[in-house]
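# Results of the structural survey
Here's the letter readout for the chains.
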Amino acid sequence: MPSVVHTLMHPHRTPPPPIDVDLARVMGSGTTLWGAALVVTGVLSWLGVAPATWVWVCGAGVALGVVGVLWARHNGRLSSDGTGAMIRPGDEDPGAPTIRG
């Protein structure tokens, strides 16, 4: 039986169950927000109010968002049926073709 001090210092917690997340919607929303910020900072930079560095930061956010969506789709993290549903390990992708042999 562990001591009270050991139990208080090293509590045993069970992790919460995973949440089904629409990754395509999350990444798309973030990329859209970076795109809007890119337009705003582009206009502000053109008017001389904001430094051009802000435009580059927003452009990098858009680029990384697009790369993230493409990477997730390529590595099978998102369902190929276009819903953006996350595929858990061991689950079959309903949009993927099945190979029987």
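Residues numbered from 1 in each chain as written. Predicted model: local features only at pLDDT ≥ 70, side-chain atom pairs only at ≥ 80, totals over all residues. Heavy atoms only, no water.

## Digging into the overall build of the protein chain
- Counting secondary structure elements, the protein chain contains 3 helices and 0 strands.
- Order of helices (α) and strands (β) in the protein chain, N terminus to C terminus: α-α-α.
- In the protein chain, which comprises 101 residues, the share counted as buried stands at 13%.
- Intrachain contacts of the protein chain at a sequence separation of at least 6 include 42% that bridge at least 24 residues. (Helix = DSSP H or I, 4+ residues; strand = E, 2+ residues; numbered from the N terminus. Buried < 20%, exposed > 50% of the residue type's maximum accessible area, 1.4 Å probe, protein only. Contact = heavy atoms within 4.5 Å.)

## What about helix α2 (residues 23-46)?
- Its 24 residues give α2 an end-to-end C-alpha distance of 34 Å, which sits within 8% of 34 Å, the value for a rise of 1.5 Å per residue.
- Three or more residues of α2 are buried, namely Ala24, Thr31 and Thr41.
- At the C-terminal side of α2, Gly48 shows a positive phi close to 85 degrees. (Expected span 1.5 Å × (residues − 1).)

## Remarks on the confidence of the model for the protein chain
- The pLDDT averaged across the protein chain works out to 79; a share of 66% of its residues lies at or above 70.
- Of all helices and strands in the protein chain, the one with the weakest mean pLDDT is helix α1 (residues 4-9) (83), whereas α2 scores best (91). (pLDDT = per-residue confidence, 0-100.)

## Re a nonpolar patch on the surface
- Taken together, the side chains of Val39, Val43, Trp46, Leu47 and Val49 define a hydrophobic patch exposed on the protein surface, amounting to about 590 Å² of accessible area.
- Locating Val39 in the fold gives a position in helix α2. (Patch = residues over 30% accessible without salt bridge, like charges linked within 9 Å, V, L, I, M, F, W, Y side chains within 5 Å. Areas by Shrake-Rupley, 256 points an atom, 1.4 Å probe, with all protein chains shown as cover. Salt bridge = Lys/Arg side-chain N within 4 Å of Asp/Glu carboxyl O.)

## Observations regarding the side chain of Thr41
- Among the structural elements, Thr41 can be located in helix α2.
- Among the polar contacts listed, one links the side chain of Thr41 to the backbone oxygen of Ala37, at a separation of 2.8 Å.
- Setting aside residues no more than four positions away along its own chain, Thr41 makes contact with Trp54, Val55 and Cys58. (Polar contact = N/O pair within 3.5 Å; in protein donor to acceptor, adjacent residues only side chain to side chain.)

## Looking at the environment of Val57
- Residue placement: Val57 occurs in helix α3 (residues 52-74).
- Given a relative accessible area of 44%, Val57 falls into the partly exposed group.
- Linking Val57 and Leu38, residues 19 residues apart in sequence, is a C-alpha distance of 8.2 Å.

## A word on the side chain of Thr31
- Within the secondary structure layout, Thr31 lies in helix α2.
- For Thr31, a relative accessible area of 15% corresponds to the buried category.
- With sequence-adjacent residues up to four places away left out, Thr31 is seen in contact with Val62, Gly65 and Val66.

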